[in-house]
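So the chains spell out like this:
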Amino acid sequence: MRLIVLGGPGSGKGTQSQKLSKHFGIPWISTGDVLRAEIAADSKLGQEVSETLAKGELVPDTLMINFIKQRLQKSDASHGWILDGYPRTAFQAEELDFFLDSLHTRVDYAVWLELPTHTLIERSEYRAAIDDNPDALRRRIEMLAERTVPMLEYYDYRQRLLRIDGNQLPDDVKRDILAGIG
Ligand code: ADP
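The rules behind the values
Residues numbered from 1 in each chain as written. Predicted model: local features only at pLDDT ≥ 70, side-chain atom pairs only at ≥ 80, totals over all residues. Heavy atoms only, no water. Near = heavy atom within 4 Å. Polar contact = N/O pair within 3.5 Å; in protein donor to acceptor, adjacent residues only side chain to side chain. Areas by Shrake-Rupley, 256 points an atom, 1.4 Å probe, with all protein chains shown as cover. Nonpolar A, V, L, I, M, F, W, Y, C, P; charged D, E, K, R; others polar. Helix = DSSP H or I, 4+ residues; strand = E, 2+ residues; numbered from the N terminus. Buried < 20%, exposed > 50% of the residue type's maximum accessible area, 1.4 Å probe, protein only. Core = buried A, V, L, I, M, F, W, Y, C linked by side-chain atoms within 4.5 Å. Contact = heavy atoms within 4.5 Å. Expected span 1.5 Å × (residues − 1).

A separate point is the site of the ligand. The environment of the ligand is formed by 20 residues, the closest being Thr 31, Arg 36, Glu 57, Gln 92 and Arg 140. Separating a nitrogen atom of the ligand from a side-chain N or O atom of Thr 31 is a distance of 2.7 Å. At a separation of 2.9 Å, an oxygen atom of the ligand approaches a polar side-chain atom of Arg 36. About the coverage of the ligand: the protein hides 97% of its 550 Å² of free accessible area. By residue class, the composition of the shell around the ligand is seven nonpolar, six polar and seven charged.

In this chain, Tyr 86 is followed by Pro 87 through a cis amide linkage whose omega measures -5°. Mapped onto the elements, Pro 87 comes out in the loop between β3 (81–84) and α5 (90–102). The backbone of Asp 42 shows a phi angle near 55°, a positive value even though the residue is not glycine. With respect to the helices, strands and loops of the structure, Asp 42 is situated in the loop between α2 (31–40) and α3 (44–55). The class of Asp 42 is exposed, set by a relative accessible area of 51%. Here the phi dihedral of His 104 falls at roughly 60°; this positive angle occurs in a residue that is not glycine. Locating His 104 in the fold gives a position in the loop between α5 and β4 (109–114). Classification of His 104 by relative accessible area gives exposed; the value is 76%.

The next subject is the nonpolar core. Counting 45 residues, the largest nonpolar core has Leu 72, Leu 83, Leu 96 and Tyr 155 as its most contacted members. At six residues, helix α7 (residues 134–157) tops the list of elements feeding residues into this core. Leaving out residues up to four positions away in the same chain, Tyr 155 has contacts with Ile 4, Pro 87, Ala 93, Leu 96, Val 107, Ala 110, Arg 160 and Leu 161.

This part covers the environment of Ile 121. Checked against the element boundaries, Ile 121 lands in helix α6 (residues 117–124). What makes Ile 121 partly exposed here is its relative accessible area of 35%. The residues contacting Ile 121, other than those within four sequence positions of it, are Leu 137 and Ile 141.

Attention shifts here to helix α4 (residues 61–72). Over its 12 residues, α4 runs 16 Å from end to end, which matches the ideal 16 Å to within 8%, given 1.5 Å per residue. Taken together, the buried positions of α4 are Asp 61, Leu 63, Met 64, Ile 65, Ile 68, Arg 71 and Leu 72. If you follow the buried residues of α4, they end up packed against β2 (28–30), α2, α3, β3, α5 and α7.

Read these as layout, nothing more, since geometry by itself doesn't imply function.
Right under this line is the structure:
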């Protein structure tokens, strides 16, 4: 199973990705978590992206695309994966498909967790990552609307988009996702 989980900050995409990872026994790959870990470790990559994250901006596509290509070639990813936070621009989505084509595989579903913006903001108020300050949060929600929501069309057109009501208890969201996957 190869799944993409999409949603705003506070949408529960991390929670659902973890649940789906356990359910299917496949790795959960969160680009946000990877970037935050790189920042915490003060690595070269971490230094490159820390300001971008703190502002709630998106990291350059080329950097993310290279990262994901390497990650998906690791042996644990050969039988499937849950991508959390990637792709989030139309360009990233296209590049992912080109890359998967070269591996003779494809995305099964892109799961879009739908929630009202005010709910995203309320939920995120209780978090404390470096990119959870109010300005960054506002910017992340703008980026979601400007870059990620238009990308949904890419998966919808290919009949691979699952729209899920994210404004429910975590187990109910999971149930709806599994029902949608069939
Ligand atoms: P959110 O909780 O806002 O959905 P994530 O934890 O997925 O955020 O990502 C946190 C930050 O990491 C983003 O605001 C962005 O700066 C960066 N990031 C993560 N994934 C990507 C990506 N695919 N492309 C560009 N930037 C990314």
